[in-house]
Structures are given as C-alpha cells and as structure tokens.
Amino acid sequence: VFPSESESFGKAMLESMATATPTVISEDIEAYEEFALSEENVLLTKRNPNNISLAINRLIENPKLYTKLSKRCHRTISHFEWGEVIKNLERFYFEILQ
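Residues numbered from 1 in each chain as written. Predicted model: local features only at pLDDT ≥ 70, side-chain atom pairs only at ≥ 80, totals over all residues. Heavy atoms only, no water.

Side note on the pattern of salt bridges
To be explicit about the condition: Throughout this description, the term salt bridge denotes a Lys or Arg side-chain nitrogen within 4 Å of a carboxyl oxygen of Asp or Glu. Note on conventions: DSSP H or I runs of at least 4 residues are helices, E runs of at least 2 residues are strands, and numbering of each starts at the N terminus. When a residue's accessible area, from a 1.4 Å probe over protein chains only, is under 20% of the maximum for its type it is buried; when over 50% it is exposed; and in between it is partly exposed.
The full count for this structure, using the stated rule, is 7 salt bridges. A salt bridge links Arg72 to Glu40; the nearest nitrogen and oxygen atoms lie 2.4 Å apart. Of the two residues, Arg72 is situated in helix 3 (residues 63–77) and Glu40 in the loop between strand 1 (24–26) and strand 2 (43–45); the sequence distance between them amounts to 32 residues. In this structure Glu40 comes out as partly exposed when scored by relative accessible area, which is 33%. Between Lys87 and Glu84 there is a salt bridge whose closest N-O contact spans 3.2 Å. In this pair, Lys87 and Glu84 both sit in helix 4 (residues 82–97), 3 residues apart, roughly one turn of the helix. Judged by its relative accessible area of 42%, Lys87 is partly exposed. Exposure remark for Glu84: the relative accessible area of 30% places this residue in the partly exposed category. When salt bridges with common partners are traced through the structure, they connect Glu40, Lys68 and Arg72 into a single cluster.

Topic: the packing of aromatic side chains
The line we're drawing: Centres within 6.5 Å make a pair out of two Phe, Tyr or Trp rings, where for Trp the six-membered ring is used; the pair is then stacked when the planes are under 30 degrees apart, edge-to-face when over 60, and tilted otherwise.
In the structure shown here, the tally under the stated rule is 2 aromatic pairs. Ring centres of Phe92 and Tyr93 lie 6.0 Å apart, and the angle between their planes is 45°; this geometry places the pair in the tilted category. For Phe92, a relative accessible area of 46% translates into the label partly exposed.

Overview of helix 1 (residues 11–18)
The condition is simple: Working note: the arc is built from the helix axis to C-beta atom directions. The contact definition used throughout considers only heavy atoms, calling two residues in contact when any of these lie within 4.5 Å.
Along helix 1, the residues classified as buried are Met13, Leu14, Ser16 and Met17. Viewed along the axis of helix 1, the buried residues span an arc of 155°, placing them on a single side of the element. Looking at the buried residues of helix 1, the elements they touch are strand 1 and helix 3. Two residues or fewer past helix 1, Ala20 is found with a positive phi of approximately 60°.

Section: the confidence of the model for the chain
The line we're drawing: The quantity known as pLDDT measures the predictor's confidence residue by residue, on a range of 0 to 100.
When the pLDDT values of the chain are averaged, the result is 88; 100% of them are 70 or greater. Ranking the elements of the chain by mean pLDDT puts helix 1 last, at 84, and helix 2 (residues 49–61) first, at 95.

Regarding unusual backbone geometry
Positive phi is not limited to glycine here, since Ala20 has a value of about 60°. On the secondary structure map, Ala20 appears in the loop between helix 1 and strand 1. Overall, Ala20 belongs to the partly exposed group, its relative accessible area being 23%. Positive phi outside glycine occurs at Glu39, with the angle close to 70°. Here Glu39 is to be found in the loop between strand 1 and strand 2.

Here is the structure:
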C-alpha cells in the first residue's frame, strides 16, 4: 500500500509489483501514470484511510481480483527490467543526437 503524496518515479511501487504483489496506490500521483492502470495492474484509490482500507479489503475478499492484479503486475514490470530500460535510454540519446 502506497498512500504517497508525491513520488519522483515510484520505484518502491514497481518493486512491489515485481514480486507480483497487488498494490494499492493513491490515484493523484503523476509519477504512477506511466505504468499504473486502475483495476488492471493496481488498485487506485483516494488518499484517505477509509478508501485505502476498502481497497485492501477488496483484495482480501476477492481472490480473483488479487490473482488478476498479481499476474498483470508481472507483465507490467517486464517493461522496467534493466535491459529494456537501457534500450529505451539508448534510443532516447540517439534521437537527441540526431
């Protein structure tokens, strides 16, 4: 569960996803927009205790949702493996140099 008010990138959340752990995050964090898809690979929620606890309970009470998010977390994280990150960075530098 990441009720952050701000994030520079969201590395801790990606680490959680890398372990296929369904993740609950605050819905208003721009850093997450690149990879967080509500109900697909994370649960997005408003940052308040009631909504966060409701999201956690949904995961506890809904094994199908838990499994779906777990599988899709793993797919998402593959885009952030070091080999992919390096390829994207090289592509970015090449475009700049052009």
